[in-house]
Amino acid sequence: MGYDTYKPDWTPECAGDEFACQVMTGIDEEALRKAKAKAVPAIRRRELSVDEYVKGILACDRMILARAITLIESNAPKHFELGQEIIQKILPYTGKAVRVGITGVPGAGKSTFIEALGNLLCDRGKKIAVLAVDPSSHVSGGSILGDKTRMEQLVKQPNAFIRPSPSGGTLGGVTRKSRETLLLCEAAGFDTILVETVGVGQSETTVRSMVDFFLVIALTGAGDDLQGIKKGVIETADAILVNKADGDNKRKAMVARSEYEQVLHYLRPATEGWTTKAYTCSALTGEGISEIWDVVMDFMSQMEKSGTLLGRRQQQTLTWVWQMAEEHIRNSIVTNPNVVKCMEAVRNEIMADQLSATKAAQTLIDAIEFELKSGISQ
């Protein structure tokens, strides 16, 4: 569809072709209408029913699994209801996988380690799902997808499924929907779930509430090793793994392992009946990778026999329920029109130095309690 143009009246005299200024006459509405009529309509994906989602997930249809995870991650009300119906129907097929959480300081080699471990397990016939919680893009809010580019070999494995999920800027990097995603992967037949977190080092204990075995990857040769990971994270670890134990760094890695062993001697074990120890490995050469998986398997065997594993998963489910209830209540409060109005008034008074923080908090509490009582009476 072309547009007619002409040179304006104010074109300089004797101007040649080098004077490129042209005036467009405008859009031909009739031509535009005809062009739209001939245009091929965009193909929209057909929306699947709950049963179709469930059937596809149980058959390990990766496209349907990916669509189900996207549905779970959505905050749209209609997607939430559909997602919860799917979760309810696949629940009987979950709980059979080994759930391993992996965290550590940035640069410790978490992704490299996961790729080495994942390739090893795939070669042994295992089906691996990696839930790599990616830092969110500040522009789009979506996943940067860095982990898929770093795990170049693992992503080619037919028995591996890597799902980067945006952390949404949440401290600690564990997305709100990671638990549901884990259940979907279990229902799809993946027998090993590896959950990698961003590793910002402050609230990584969140991952403890959704996995069986919690592995902290440490790094040596980067200054004060023991300060590299917060004490609170070490206390929740079932094993500490000093990575990059190769080449000239191998001796330093052995020293770091010894130092971590001394620290762990004075800490209470994260899991009752299990002694947390420190190990070394090289994700680059593969040395120590098989040994750390043997530790995970030994842990799972002991915890199943003692009943600790069942108790932990039951407690995790209860914690999950309370967290979702708290989140729903919080969202209901902050979106209440009267509370929002009160919050805005309080904000203006604080900005004008007319209200103390304590008084402001009490004002908000009073407004929230009033709305709660009003809702109960209705």
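Further up the page is the structure itself.
First, a word on what this report is: a plain description of the structure on this page. In this text, all values refer to a predicted model and were calculated from it rather than measured experimentally.

Another point: the pattern of salt bridges. As enumerated under the stated definition, the model contains eight salt bridges in all. R46 is the salt-bridge partner of E52, the closest N and O atoms lying 3.2 Å from each other. You can call E52 partly exposed: its relative accessible area is 29%. A salt bridge links D51 to K89; the nearest nitrogen and oxygen atoms lie 2.8 Å apart. With a gap of 38 residues between them, D51 in helix α2 (residues 50–58) and K89 in helix α4 (residues 77–90) connect regions that are remote in the sequence. By relative accessible area, which is 41% here, K89 ends up partly exposed. Within this structure, R208, D238 and R312 form a network of salt bridges that share partners.

For the rest of this paragraph, the subject is the nonpolar core. L184, F190, I193 and I240 are the most contacted members of the largest nonpolar core, which has 47 residues in total. Broken down by element, the residue count for this core peaks at six residues, all from helix α3 (residues 62–73). Once residues within four sequence positions are removed from consideration, F190 is found in contact with C60, R62, L65, A97, K127, I128, A129, N159, F161 and C185. Residues V105, A116, I128 and I162 belong to the second largest nonpolar core, which totals 37 residues.

Relative to the elements of secondary structure, S282 occurs in the loop between β9 (277–280) and α10 (289–306). Assessed through its relative accessible area of 0%, S282 is described here as buried. Of the polar contacts made by the side chain of S282, one reaches the side chain of D246; its length is 2.5 Å. For S282, the contacting residues outside a window of four places in its chain are N243, K244, A245, D246, E287 and I289.

Here we take up the environment of I217. With respect to the secondary-structure elements, I217 resides in strand β7 (residues 213–218). Considered as a pair, I217 and G109 are 108 residues apart in the sequence and their alpha carbons are 7.7 Å apart.

Relative to the 20 Å expected for 14 residues at 1.5 Å per residue, helix α5 (residues 110–123) spans 20 Å between its end C-alpha atoms, a close match to the ideal helical length. Of all 14 residues making up α5, 11 are buried, and the element is well covered by its neighbours. Residue G125 follows α5 closely and has a positive phi angle near 90 degrees.

We now examine the pairing of β7. Taken across its six residues, β7 has six buried, putting it largely inside the fold. Side chains F213, L215 and I217 of β7 all project onto a buried face; the interleaved residues F214, V216 and A218 project onto the opposite face, where all are buried too. Bridge analysis of strand β3 (residues 98–104) against β7 gives five bridges, and the strand direction is parallel. Of the residues in β7, the one forming a bridge with I102 is L215. As defined by bridge partners, β7 adjoins strand β8 (residues 239–242) across four bridges and the pair is classed as parallel. Counterpart to L215 in the pairing with β8 is A239.

On to the side chain of R99. With respect to the helices and strands, the residue R99 is situated in strand β3. At 2.7 Å, the side chain of R99 and the side chain of E186 are in polar contact. Here R99 is in contact with L182, L183, E186, I193, M210, V211, D212, F213, R313 and Q316, once residues within four sequence places are set aside.

Conventions adopted
- Residues numbered from 1 in each chain as written.
- Predicted model: local features only at pLDDT ≥ 70, side-chain atom pairs only at ≥ 80, totals over all residues.
- Heavy atoms only, no water.
- Salt bridge = Lys/Arg side-chain N within 4 Å of Asp/Glu carboxyl O.
- Buried < 20%, exposed > 50% of the residue type's maximum accessible area, 1.4 Å probe, protein only.
- Helix = DSSP H or I, 4+ residues; strand = E, 2+ residues; numbered from the N terminus.
- Core = buried A, V, L, I, M, F, W, Y, C linked by side-chain atoms within 4.5 Å.
- Contact = heavy atoms within 4.5 Å.
- Polar contact = N/O pair within 3.5 Å; in protein donor to acceptor, adjacent residues only side chain to side chain.
- Expected span 1.5 Å × (residues − 1).
- Pairing = 2+ DSSP bridges.

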